[in-house]
Amino acid sequence: YKYFFNNEWVLNRTKKHISQPSSKSACKRICMFLRWMVRKDQQGVDFGIWKTIPMAALSCPLDVHSGNVARKLNLLTRKQNDAKALFELDTNLRSLDPNDPVKYDFALFGLGVLEGF
C-alpha cells in the first residue's frame, strides 16, 4: 500500500478505495489484484505475469460473500471480515492446498452470490 501510493500522480481520492493493511483490514482489493497478477490459470482469469511472487504467498480475497460461505463450510469461525478472519481462512485453505490456497476463491465467492446457499 505504502509503495503503491508513494507517487505524486496518485490522487488522494483514489486512496480511499484501497484498504490499508495497517488498519487490520482484510484488504480484499489488494488480495484480488495480487491474485490476478501472480496466479496463472487455464481459463485466462488470472494473468500470472508476475513471476517473482509464489502462488503459495497469496491470500484469498475475503468479502461478505466468500466469508459467509467459508463460515458455512467451517473454514472460518470469526464473525468479522477483517485481517484476523483472513489469517484464519488462509490457514484453513493452506491446509487444503499449500501451493495454491487461492484457487478456492471462485468457489467461495460463486456460492456466496447464489441466493439460498
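Our structure's up above, just so we're on the same page.
Residues numbered from 1 in each chain as written. Predicted model: local features only at pLDDT ≥ 70, side-chain atom pairs only at ≥ 80, totals over all residues. Heavy atoms only, no water.

Kindly report on the layout of surface pockets, identifying the contributing residues and their values.
Space inside the largest pocket adds up to approximately 420 Å³. Considering the residues around the largest pocket, the lining is formed by 17 residues, among which Tyr1, Ile18, Ile30, Phe33 and Leu34 are closest to the centre. Contributions of two or more residues to the lining of the largest pocket are made by helix 2 (28–38) and helix 4 (83–96). The element that contributes the greatest number of residues to the lining of the largest pocket is helix 2, accounting for 5 residues. Of the residues belonging to the lining of the largest pocket, the class tally is 15 nonpolar, 1 polar and 1 charged. (1 Å grid on protein atoms, 1.4 Å probe; cavity = no way out; pocket = protein on both sides within 12 Å on 5 of 7 lines; lining within 4 Å. Points joined across faces, edges and corners; volume = space filled by probe spheres on them. Helix = DSSP H or I, 4+ residues; strand = E, 2+ residues; numbered from the N terminus. Nonpolar A, V, L, I, M, F, W, Y, C, P; charged D, E, K, R; others polar.)

Got a sec to walk through the packing of aromatic side chains? Specific residues and values, please.
Enumeration over the complete set of coordinates arrives at 1 aromatic pair. Taking 5.5 Å as the distance between ring centres and 80 degrees as the angle between the ring planes, the aromatic pair formed by phenylalanine 33 and tryptophan 50 counts as edge-to-face. With phenylalanine 33 in helix 2 and tryptophan 50 in the loop between helix 2 and helix 3 (64–72), the pair connects residues that are 17 residues apart, well separated along the chain. We classify phenylalanine 33 as partly exposed; its relative accessible area is 39%. Positioned above the aromatic ring of phenylalanine 106, the side-chain terminus of arginine 35 is 4.5 Å from the ring centre. (Phe/Tyr/Trp six-rings, centres within 6.5 Å; stacked < 30°, edge-to-face > 60°. Buried < 20%, exposed > 50% of the residue type's maximum accessible area, 1.4 Å probe, protein only. Lys NZ or Arg CZ within 6 Å of the ring centre and 35° of its normal.)

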